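The primary structure of each chain is shown beneath.
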Amino acid sequence: MLKRSPQERHSFISNFDDVAELADFSLMDTLNCDPEAKANGADHEPRQVFSGHYVPVNPTPIENPEYIAHGKTLFRELGFADSMVQSDDFVRVFSGDLSQVSEPMRRVGWACGYALSIFGTEYTQQCPFQTGNGYGDGRAISVLEAVINGQSWEMQLKGGGRTPYCRGGDGRAVLRSSVREFLAQEHMHALGVPTSRSLSLYVSKTEKVRRPWYSEASRSMNPDVLISEPVAISTRVAPSFIRVGQLELFSRRARRNEHPQAMEELEKMVLHLIDREYSDVIDQTLPTAEQLVLLAREFRGRLASLVANWIRIGYCQGNFNSDNCAAGGFTLDYGPFGFCDVFNPQYQPWTGGGHHYSFLNQPAAAERNFHTFCSTLRPLLTADPEHLQQLGEIQSGFSRVMTEQMELMWAAKLGLATFDATLFSELESLMVNTPVDYTIFFRELSGVPDDITPLKKSFYTGARNGANPEAMDAAWSEWLRKWKSLTALQSREELSRQMKLVNPKYSLREWFVVPAYQQAAAGDYSLLRELQEVFAQPYAEQSKDVEEKYYRLKPLELFGVGGSSHYSCSS
Ligand SMILES: Nc1ncnc2c1ncn2[C@@H]1O[C@H](COP(=O)(O)OP(=O)(O)OP(=O)(O)O)[C@@H](O)[C@H]1O
Ligand SMILES: [Mg+2]
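Computed from a predicted structure; not experimentally measured.

### Overview of unusual backbone geometry
Argument step 1. For the peptide bond that leads from Glu 103 to Pro 104, omega is 5°, which places it in the cis range.
Argument step 2. Its location among the elements puts Pro 104 in the loop between α3 (88-94) and β4 (109-111).
Argument step 3. Put simply, Thr 434 and Pro 435 share a cis peptide bond, and its omega is -20°.
Argument step 4. Inspection of the secondary structure assignment puts Pro 435 in the loop between α11 (421-433) and α12 (438-445).
Argument step 5. Positive phi, normally seen in glycine, also occurs at Gln 130, with a value near 60°.
Argument step 6. Along the chain, Gln 130 falls in the loop between β6 (121-123) and β7 (140-148).
Argument step 7. The phi dihedral of Asp 333 is positive, around 75°, even though this residue is not glycine.
Argument step 8. Inspection of the secondary structure puts Asp 333 in the loop between β12 (315-316) and β13 (338-339).
Argument step 9. Judged by C-beta crowding, with 22 C-beta atoms within 10 Å, Asp 333 ranks as buried.

In structure tokens form, the structure reads like this:
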């Protein structure tokens, strides 16, 4: 614990119990750069980093930062006063300027390397050196790790400038992508889905970068213009930002015996993960092998539950690679994500994402990431057949655990005590054939309607797949009758109350977000702040006005529009 008098404390530092130490094996990449520039974080050139937990790197402040928004709920949880977000020192740090921070904060941030597997297949091609040693946080820079109310929190700038892993990129994030991530993180938290959190969002009044994007009302699949967009820095917060891909980097090195400390580094990294993300459930005095097995079991449960929650609320992560899979089991990297409007098992807003990361394929994608995760632990257990076998059993049990979670989730969405496979598969076909708006359908069903009239509020009748409307209505009525017979034992009020806790009324559809970031780029933040308020209470009925604006079908003319219905990963 660091000792300091209250007068010495930096204003927001006064909320910290302590400033935590990172794993103790930093700064070991001794090649390829000027040691002094490296140690003070001033070397931002792409380079190979051969070992070590992180590299010191200074963020590059955005020019003329202006406050846009902060995560009010998170501020309350951290004990930060709302006014702090406009204070000079806070603005400076979270718009990327560490030059004036005082002890115990450090004037240097850090970035981490990680490896990449796509749907379980290892890649190194994305690394400019083709070795994997130049891939990692290309524009994410952590600036602080603090213990607040007994909980350790890492604060990470996204868009904070180039790092050794920037691969020739500019290290920036545009306002558009920053607004999306900022809003989505707090919405997911309010939905009860584990996630990184949003601390603050600042935009530059003068600095812009060019990105490929879609022209107005474009129906092109790929971006068709280059646009100039303001840069922004959003700060996200989590117990750690350790990714499956990060463990993978160390494990690949250990497997190939790339340097003498490779195995030791892998072990330290895994123990660091346990300390940051699993200390409440794993006894750190146990032998390492036992801890590893417990870790795999616990992560399995968290990951399966996470993905079932994504599907519960209509979320598609879009790019669920191992480097976008947080080893703590929460949602990380809101890039080409989307909340679905129409129920479509193959919903995938990212044009580069393919079927493998589509909506109902996310359990399969999670399984691939889990297998990758288990493989990262294996080198640490080679001399221990008993624990290796336990790990194998945990790995092969993923699909069972995932199925259990999915069935529990569908049962809860339908207000049933147990999953009914026939009822569910009939519903799935009806939802595809009508088609229905996923959020509105389940919310209307949560009203326990007498007949299908309220459910029709969710029907995209204009997009009906040529089906006979009378026959469809009859099929829906029959399905509703069956559903009601299965729920008949519960009081209608109680059933409705329970279902409304599981089926949100409001979800952050992309066509709500597009005008918010467009207006923000023109200096008007009012819509963005309205979305913040509305989507912080997704289960509440809210006012008539809110309902009319945000509880409605996607207008048919917005289907197929580039940048809204689908987008490239460009951010
Ligand atoms: N403008 C940029 N400059 C430098 N590196 C970038 C830039 N944009 C993306 N990258 C890097 O490219 C890789 C893939 O990007 P991806 O979109 O998955 O991540 P991201 O959205 O930047 O970050 P995160 O996963 O940290 O949320 C990451 O390693 C990321 O850091
Ligand atoms: Mg990423």
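### Some words on the packing of helix α5 (residues 244-255) against helix α6 (residues 262-277)
Argument step 1. In the contact formed by α5 and α6, the axes pass within 8 Å of each other and the chain directions differ by 155°. As far as their axial angle goes, α6 and α5 are roughly antiparallel. Considering the relative orientation of α5 and α6, their crossing is left-handed. Counting all contacts with α5, which are made through Leu 247, Phe 250, Ser 251, Arg 253 and Ala 254, the residues of α6 involved are Ala 262, Met 263, Glu 265, Leu 266, Met 269 and Val 270.
Argument step 2. Taken together, the residues that form the contact of α5 with α6 break down as eight nonpolar, one polar and two charged.

### Thoughts on the nonpolar core
Argument step 1. Formed by 132 residues in total, the largest nonpolar core has its most connected members in Ala 111, Val 179, Ala 232, Val 270 and Ala 296.
Argument step 2. Of the residues forming this core, the biggest block, 12 residues, is contributed by helix α7 (residues 288-312).

### Things to note about α11
Argument step 1. The end-to-end C-alpha separation of α11 is 18 Å, in line with the 18 Å expected for 13 residues at 1.5 Å each.
Argument step 2. Among the residues making up α11, those that are buried are Leu 427, Leu 430 and Met 431. Taken down its axis, α11 places every buried residue within 100° of arc, on the same side. Opposite the buried face of α11, at more than 90 degrees from it, the exposed residues are Ala 421, Thr 422, Ser 425 and Ser 429.
Argument step 3. Against the buried residues of α11 lie α12 and α13 (469-487).

### Examining the packing of helix α15 (residues 510-521) against helix α16 (residues 526-534)
Describing two packed helices takes the angle between their axes plus the distance from one axis to the other.
Argument step 1. Packing of α15 against α16 brings their axes to within 7 Å, and their N-to-C directions diverge by 140°. With respect to their mutual orientation, α15 and α16 come out oblique. Residues Phe 512, Val 513, Pro 515, Ala 516, Gln 519 and Ala 520 of α15 pack against Leu 527, Leu 528 and Leu 531 of α16.
Argument step 2. Considering only residue class, the contact of α15 with α16 consists of eight nonpolar, one polar and no charged.

### Section: the site of ligand 1
Argument step 1. Near ligand 1 there are 16 residues, and of these Gly 138, Ala 140, Cys 166, Gly 169 and Asp 333 occur at the shortest range.
Argument step 2. Here the shell around ligand 1 spans two domains, since at least three of its residues come from each of domain 1 (6-243) and domain 2 (247-396).

### Examining the UniProt feature "binding site: Mg(2+)" (unreviewed entry) in the protein chain
Argument step 1. According to UniProt, the positions carrying the feature "binding site: Mg(2+)" (unreviewed entry) are Asn 324 and Asp 333.
Argument step 2. Relative to the elements of secondary structure, Asn 324 occurs in the loop between β12 and β13.
Argument step 3. Overall, the presence of 23 C-beta atoms within 10 Å leaves Asn 324 in the buried class.
Argument step 4. Discounting residues that sit within four places of it in the chain, Asn 324 has contacts with Asn 319, Leu 332 and Asp 333.

### Comments concerning the UniProt feature "active site" (unreviewed entry) in the protein chain
Argument step 1. In the numbering adopted here, UniProt assigns the feature "active site" (unreviewed entry) to Asp 323.
Argument step 2. Judged by local crowding, Asp 323 falls into the buried class, with 25 C-beta atoms found within 10 Å.
Argument step 3. Ignoring any residue separated from it by four or fewer positions in sequence, one finds Asp 323 in contact with Tyr 114, Leu 116, Arg 243 and Gly 245.

### With respect to the confidence of the model for the protein chain
Argument step 1. Here the protein chain averages 93 in pLDDT, while 93% of its residues score no lower than 70.
Argument step 2. Here strand β1 (residues 18-19) stands out as the element of the protein chain with the lowest mean pLDDT, 61, in contrast to α7, whose mean of 99 is the highest.
Argument step 3. Here residues 1-10 is a poorly scored stretch, pLDDT under 50, and it has 12 contacts once near neighbours within four places are set aside; other chains count.

Rules used in this analysis
- The numbers attached to residues start from 1 for each chain and follow its sequence in the written order.
- To label them, take the chains in the order written and letter them from A, then take the ligands in the order written and number them from 1.
- In keeping with the model being predicted, local features are shown solely for residues with a pLDDT of at least 70 and side-chain atom pairs are shown and tallied solely at 80 or more, while totals for entire chains, interfaces and linings include all residues.
- Starting at the N terminus, helices and strands are each numbered in turn, a helix being any DSSP run of H or I of at least four residues and a strand any DSSP run of E of at least two.
- Counting other C-beta atoms within 10 Å of its own, a residue is labelled buried from 20 upward, exposed at 12 or fewer, and partly exposed in the gap between, with every C-beta atom placed from the backbone.
- Only the contacting stretch of a helix is used when fitting its axis, a line to C-alpha atoms as for every element, and angles between N-to-C directions run 0 to 180 degrees.
- Each angle receives one of four descriptions, namely roughly parallel if under 35 degrees, roughly antiparallel if over 145, roughly perpendicular if within 65 to 115, and oblique otherwise.
- Crossings are assigned a handedness: left-handed for a near helix turned anticlockwise from the far helix by less than a right angle, right-handed for a clockwise turn.
- By definition, residues are in contact whenever their C-beta atoms, placed on the basis of the backbone, come within 7 Å of each other.
- Residues are sorted three ways: Asp, Glu, Lys and Arg are charged, Ala, Val, Leu, Ile, Met, Phe, Trp, Tyr, Cys and Pro are nonpolar, and all the rest, Gly among them, are polar.
- Core membership is restricted to buried Ala, Val, Leu, Ile, Met, Phe, Trp, Tyr and Cys residues, and these are joined into a nonpolar core through C-beta atoms within 7 Å.
- What a helix should span is 1.5 Å times the count of its residues minus one.
- In this context, the arc is that of the directions from the helix axis out to the C-beta atoms.
- Working rule for contacts: place C-beta from the backbone, and if it is within 6 Å of a molecule or strand, that residue counts as near it.
- Domain limits in this description derive from either an automatic procedure or a database domain assignment.
- UniProt positions are given in the numbering used here, feature names are shortened, and annotations may be inferred rather than shown by experiment.
- Note on scores: pLDDT gives the predictor's confidence for each residue, bounded by 0 and 100.

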